[in-house]
Amino acid sequence: MTKPNRPVVWVTGASGALGQAICNHLHGTGAQVVASGRTLETLPAVMNGLDRLRLDVTDRHAVESAARDILNRYGRIDAIVSCTTTPLFGDFLSLTDEDWDAVLNAKLLGSLRVARSVIPAMIRQQGGSIVFISGRGGTVPPPRHLPGACANASLNVLAQGLATEYGQYGIRVNALAPGPIDSPRLEVMAKGVANASSALGGPGRPEDVAAAVAFLLSSEARHITGICLPVDGGRAR
Ligand SMILES: NC(=O)c1ccc[n+]([C@@H]2O[C@H](COP(=O)([O-])OP(=O)(O)OC[C@H]3O[C@@H](n4cnc5c(N)ncnc54)[C@H](OP(=O)(O)O)[C@@H]3O)[C@@H](O)[C@H]2O)c1
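As the structure is a computational prediction, the values presented were derived from the model and not from experiment.

In the structure shown here, the tally under the stated rule is four salt bridges. As a salt-bridge pair, Asp-51 and Arg-73 come within 2.5 Å of each other at their nearest N and O atoms. Within this pair, whereas Asp-51 is found in strand E3 (residues 50-54), its partner Arg-73 is found in helix H2 (residues 60-74), the two being separated by 22 residues in sequence. Among the salt bridges present, the one from Arg-76 reaches Asp-78, with a minimum N-O distance of 2.8 Å. Taking the relative accessible area as the measure of exposure, Arg-76 reaches 23% and is therefore partly exposed.

Close contacts around the ligand come from 26 residues, with Ser-15, Gly-16, Arg-38, Asp-56 and Lys-107 the closest. Gly-13 is positioned such that a nitrogen or oxygen atom in its backbone is 3.2 Å from an oxygen atom of the ligand. Coverage of the ligand by the protein amounts to 89% of the 890 Å² it exposes when considered alone. Of all the secondary structure elements, the ones that give two or more residues to the shell around the ligand are helix H1 (17-28) and helix H3 (97-125). Across the shell around the ligand, the residue classes tally to 11 nonpolar, 11 polar and four charged.

Ranked by internal contacts, the top residues of the largest apolar core, which has 32 residues, are Trp-10, Ile-70, Val-118, Ile-130, Phe-132, Leu-162 and Val-173. Those elements that place two or more of their residues in this core are strand E1 (8-12), H2, H3, strand E5 (128-133), helix H4 (146-166) and strand E6 (171-178). The leading source of residues in this core is H3, at seven residues. In this structure, Leu-18, Ile-22, Cys-83 and Val-231 belong to the second largest nonpolar core, which totals 28 residues.

About the criteria used
- Residues numbered from 1 in each chain as written.
- Predicted model: local features only at pLDDT ≥ 70, side-chain atom pairs only at ≥ 80, totals over all residues.
- Heavy atoms only, no water.
- Salt bridge = Lys/Arg side-chain N within 4 Å of Asp/Glu carboxyl O.
- Helix = DSSP H or I, 4+ residues; strand = E, 2+ residues; numbered from the N terminus.
- Buried < 20%, exposed > 50% of the residue type's maximum accessible area, 1.4 Å probe, protein only.
- Near = heavy atom within 4 Å.
- Polar contact = N/O pair within 3.5 Å; in protein donor to acceptor, adjacent residues only side chain to side chain.
- Areas by Shrake-Rupley, 256 points an atom, 1.4 Å probe, with all protein chains shown as cover.
- Nonpolar A, V, L, I, M, F, W, Y, C, P; charged D, E, K, R; others polar.
- Core = buried A, V, L, I, M, F, W, Y, C linked by side-chain atoms within 4.5 Å.

Given below as structure tokens:
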């Protein structure tokens, strides 16, 4: 077992635009990053301090086994950042049960499974930090993005509930809600799915989200738990 004396952070959805930026930023701060996603080739390159893991978060047993693997490899998991989603947009009357299931399974249940697989180790460690990437749609739901918006709202509530339950063990749980971020998703959202403007004039960058995640995970945020932090450039007029 390698026991790094740097924090061990597991990032899911690490092949996505935000997941990649979060991995890069956390690696730059000196963390040991474990980047997971369904396809190894699209994950950030392996290097000293950055490892990768193939994982489909819709598979409960695979998630539990991934958590065991990381714990066996590094001895602990200090933080999780959950960034998975299935980008699916459409008119409410044309979205099927299968569409809803795909989004809720990858985003809401995927995040929940990862947290559930690691919280027992965090209790033993008497500490840890979890960040669920939700989204502005959780409070301002675009009508053509309702599955994602409902998953976002649920993640915000999940963060509050877990924060209340596990604060006694030094575990902090927060949600982070990006607004439009310059990424492949924005191209889809800009096609009438959502308002991509902001008070600051335009979309943010993946690095803006990554910096806010790093803050929430850091000791600077040691008294912050159960919140949903918007990283959205503010509401447009
Ligand atoms: N970009 C934005 O403007 C924006 C705005 C608001 C909220 N958000 C939220 O921020 C998060 C990241 O967004 P993004 O723009 O980076 O999205 P993205 O580029 O579409 O990335 C989504 C990630 O989820 C992974 N994923 C999907 N299903 C999975 C599964 N079953 N198991 C494991 N991984 C799975 C994908 O990995 P593979 O396909 O490689 O497995 C991919 O890495 C999402 O929750 C999104 O809703 C983004």
